[in-house]
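Notes for the structure review
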Amino acid sequence: MKKLVLGILSHVDSGKTTLSEALLYKSGTIRKLGRVDNGSAFLDSYSLERDRGITIFSKQAILNFEDTYITLLDTPGHVDFSSEMERTLQVLDYAILVISGTDGVQSHTETLWKLLQRYSVPTFIFVNKMDMDGADKPFIMRALRGRFGDNCVDFSKYVDEDERNEALSLCDEQILNEYLETGEISEETLAAAIVRRNLFPCFFGSALKLEGIDEFVEKFVSLTRMPHYDEYFGAKVFKIQDDGQGNRLSYMKITGGTLNVRDLVKAKNQKGESWEEKISRIRIYNGTKFEAVDSVDAGTVCAVTGLTQTYPGEGLGIETESDLPTLEPVLTYKVNYPKEIDAHTALVRFRKLEEEDPQLHIVWNEQLQELNVQLMGEVQLEVLQHLVKERFNMDVTFGTGSIVYKETIAEPVHGAGHFEPLRHYAEVHLLIEPAKRGSGLSFATSCRVDDLDLNWQRLVLTHLEEKTHVGVLTGSPLTDVRITLIAGRAHLKHTEGGDFRQATYRAVRHALMNAENILLEPYYAYKLEVPTENIGRAMTDIQKMKGNFDTPLTEGDMTIITGSCPVSTMLDYHRELNSYSRGRGRLSINLKGYEPCHNAEEVIAELGYDADADLDNTADSVFCSHGAGYVVPWREAESHMHIEIEGLPKSSEDIDESEAEEIIEEPTYVPRVPTSSIEQDKELLAIFERTYGPIKRDPRVDFRPVREHTYKETVYRQKNNPTGPEYLLVDGYNIIFGWESLKELSKDNLESARMKLIDIMSNYQGFRKNKVIVVFDAYKVKGTHREVETWHNISVVYTKEAETADMYIEKVTKDLAKKHRVRVATSDALEQIIILGHGATRISARAFEEEVKETEQEIRDYLLSKQGLNSGSANIIIKES
């Protein structure tokens, strides 16, 4: 059967749940139509939903039409529950956008359209309530095409076929080509255009009277296609809920393979910690009832028990994690809980509700010892109060709502953080730049691997992402900035992971203390309908509320005003509107985003936040002198930093192509600098020391920066540099079988592969000017003695009987490393451990191959520049040398 996941979305009171009832009735799932107004709707099972006549939680039902199995997800339409709706979008194959025939395209409808576009959900449009007075089909079609584009095409059976085909041909190139060639348009071509979101079929009817439902179902079944799913297991978690019996349900859509009861699921929680748990039960819900099954395959929406660490938006198996939701809470309320309930108990209970709804933000204010909730609006507040009473038998009230402010910056700024108490060390330099409004936070790096090891850079990015960074004006969350790691330094012995956490946090704070900061507040996009005689009052009110408006549009005796206005001033305006318009006025609002605060100075003074007194978010740095750490205030810290940054450095977006290969994001090979190789071998060094004890000579001593203590600056220099030339020892057969080209050659003739490697090393040595020794095993040849040959400019060693190349390299490394820098090219794990103990560095076969290829290219470039040779000639000279 064709298996689809279908979601129904709409602005509140557009008849979405009524349409769900009609589809359930037509499919045979229910035998009697329910009604929202009398509380008998099949999917409105929650008591508060029946009382208020709105959908609060997304519900699941099963529809069967011929060979099509549909999982129907009915989503909330009220703006306060938009986060519940947005999570559901992530698992939809198709969506039905319901429009009210009397109200047309409303503000929240446009938000839904943008979300459908963001998640690339193929969409059908059903215009409901066409049986009511005031429903104007031509007007609605013009509005749909004006707001959503000409891809909205009327699929009503009364529309002329030629007229519809001409409209369809303008939507999609494939449709146009087929129509021009054949004069007809196939359902397969239309279905493909719908999937690409190049076509949005529009239908008209009345769900309450079942008008237009059969026509819609017929076209929906014929114009939809089942998505392709991977054979490997994958699932997207979109909802967490308690089943009322104490069982934690993880709602998910299977996006690949099969999920069985008792299967072991592995993933990472939101803290990045790995977990694995078994599936206890699998349920397929249909309204409030469910069927327990042993197995589900791709395309199925189910609820599972046994998983305790899942979260909405999480990807399991091959599925990836979802992006952060677009919609977010803008109001915060203090929670007043009973005196007999301690703060910890109340916090734990609210955390459980937060887990089920991530857009319900629970905040514990340590200074005021207050519990606060952040949410979308007053309706959600009422639902939360009802839930707490029902789930925990706890009566709570809420204080007066206040605005959730945010902060950003106006100009790029550099920040530095240093953390160096005794036996700790980390320094981080960041560039923070303003980003597009509404983009949130993004993180990148332009720091070179030679300056700071790849693993440390990743750790800094992790610390940047894990924390909610707050601004310095009001302590509100930071947003709309791009943070780039531009420089950093670690100590080979004393740096630990926590050191970079401290340095990173201080660097962010240091930048903000030096920045030009901007306070942001949330704005509503509104649509205000008032009697024409009240238009002057309405426009005056909007100006007083610091809002703006477009040119008013008059329709009959009503005038429509659209624009934007601060949430703080428009929050309770609907009550005033009802009063002066005598109930005829209508206000539709939708969160537009964050803009500069209209009364920033007043808000900052009222909140009274002291950035210097916030010890949890300090901008000061810690330095070390004479064996003790001391704090340097942020105003003086930059002059103490060990890395000097002149001017405003480049962000990762400004790096040109010639610099890009050295950046963390795409390292193409392991650098030749010995320190980089050594740092990657810390784990091997630890294994060696656990096995053989601490080594007497630190192999990294030659490259360790030595700090000469002064209060103003730190000088870095190398100490005890070896005096002789660098030696490179090559484990011959290990390299031959580690390089694909030589490995293939050895299958036909091992001697040819050996000579090829010797020729390559000869070219390499001639250009790099180091001492190269290539070592081949001969220990299996009875009676042989060690042979050392000189081939052009390199030494080739054949080991003696009972002596491996490893043994020879280990012995020679120990002797040479006393006076020379020594590198060993090998991928032998045990050999790597031993040579580290002797003070040498190593490079793997794969990394060495990349280094050799780069050397050959440098030789070609040199020949071309000096002798004017073409590329082919350069290749010939390299081979003949």
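Description of the structure in this document. (Residues numbered from 1 in each chain as written. Predicted model: local features only at pLDDT ≥ 70, side-chain atom pairs only at ≥ 80, totals over all residues. Heavy atoms only, no water.)

1. Examining the overall build of the chain
Heads up, the condition is: Runs of H or I in DSSP of at least four residues are treated as helices and runs of E of at least two as strands, each being numbered from the N terminus. Burial classes: relative accessible area under 20% of the type maximum marks a residue as buried, over 50% as exposed, and values in between as partly exposed (1.4 Å probe, protein chains only). Contacts: residue pairs with any heavy atoms within 4.5 Å of one another.
Secondary structure summary: the chain contains 28 helices and 40 strands in total. A burial count over the chain gives 52% of its 881 residues as buried. In the chain, 69% of the contacts between residues at least 6 apart in sequence involve partners at least 24 apart.

2. A few points about the side chain of Glu529
Let me state the cut-off plainly: Think of it this way: Lys and Arg go in the positive column, Asp and Glu in the negative one, and His and the chain ends go nowhere. Salt bridge criterion: a side-chain nitrogen from Lys or Arg within 4 Å of a carboxyl oxygen from Asp or Glu.
Here Glu529 lies in strand S28 (residues 517-531). The buried charged residue Glu529 lacks any salt bridge partner; its closest oppositely charged side chain belongs to Lys527, at an N-O distance of 4.4 Å. Sequence-distant contacts of Glu529, defined by excluding residues within four places in its chain, comprise Met558, Thr559, Ile560, Arg584, Gly585 and Arg586.

3. Describing the packing of aromatic side chains
The line we're drawing: Here the aromatic set is Phe, Tyr and Trp, taking the six-membered ring for Trp, and pairing holds for ring centres within 6.5 Å; pairs whose planes are under 30 degrees apart are stacked, those over 60 apart are edge-to-face, and all others are tilted. By definition here, charges over rings are those cases where NZ of Lys or CZ of Arg is within 6 Å of the ring centre and within 35 degrees of the ring normal.
A complete count under the given rule lists 20 aromatic pairs for this structure. Ring geometry for Phe155 against Phe203: centres 5.9 Å apart, planes inclined by 45°, an arrangement best described as tilted. Residue Phe155 is found in the loop between strand S6 (152-154) and helix H6 (161-169), and its partner Phe203 is found in strand S7 (residues 200-204); the two are separated by 48 residues along the sequence. By relative accessible area, which is 4% here, Phe155 ends up buried. One Lys or Arg, Arg754, reaches over the ring of Phe776 and ends 5.8 Å from the middle of that ring.

4. Some details on the side chain of Arg197
Applied cut-off: Polar contact is defined as a pair of N or O atoms within 3.5 Å, subject to the rule that within protein one atom must be able to donate a hydrogen and the other to accept it, and that residues adjacent in sequence are counted only when both atoms are side-chain atoms.
Take Arg197: it is sitting in the loop between helix H8 (187-195) and S7. Comment: no salt bridge for buried Arg197; closest opposite-charge side chain is Asp172, at 12 Å. There is a polar contact of 3.2 Å between the side chain of Arg197 and the side chain of Thr123. Apart from the residues lying within four places of it in its own chain, the contact partners of Arg197 are Trp113, Leu116, Gln117, Ser120, Val121, Pro122 and Thr123.

5. Overview of the pairing of strand S2 (residues 59-65)
Formally: Two strands qualify as a pair provided that DSSP identifies no fewer than 2 bridges between them.
The buried fraction of S2 amounts to six of the seven residues, a majority that puts the element mostly inside the structure. Looking at chain direction, S2 and strand S3 (residues 68-74) are connected through seven bridges and run antiparallel. Across the sheet, the residue bridging to Ala61 is Leu72, located in S3.

6. Focus on H8
Those residues of H8 that fall on the buried side of the exposure criterion are Thr189, Leu190, Ala191, Ala193 and Ile194. Buried-residue contacts for H8 involve strand S4 (94-100), strand S5 (123-128), H6, helix H7 (173-182) and S7. Just past H8, the residue Arg197 takes up positive phi, approximately 60°.

7. Comments concerning the sheet that holds strand S13 (residues 281-286)
Note the threshold: Only the stretch in contact is used when a helix axis is fitted, and all axes are lines through C-alpha atoms; the angle between N-to-C directions ranges over 0 to 180 degrees.
One open sheet holds the six strands; their spatial order is S14-S13-S16-S9-S8-S17, and the pairing between them is antiparallel. Every other strand in the sheet has two partners, leaving strand S14 (289-293) and strand S17 (315-317) as the edge strands with one partner each. Across the sheet, the mean angle from the axis of one strand to that of its neighbour is 40°, orientation sign disregarded. Taken together, the eight bridges between strand S8 (residues 234-242) and strand S9 (residues 248-256) define a ladder with antiparallel strand orientation. Paired with Asp242 across the bridge in S9 is Arg248.

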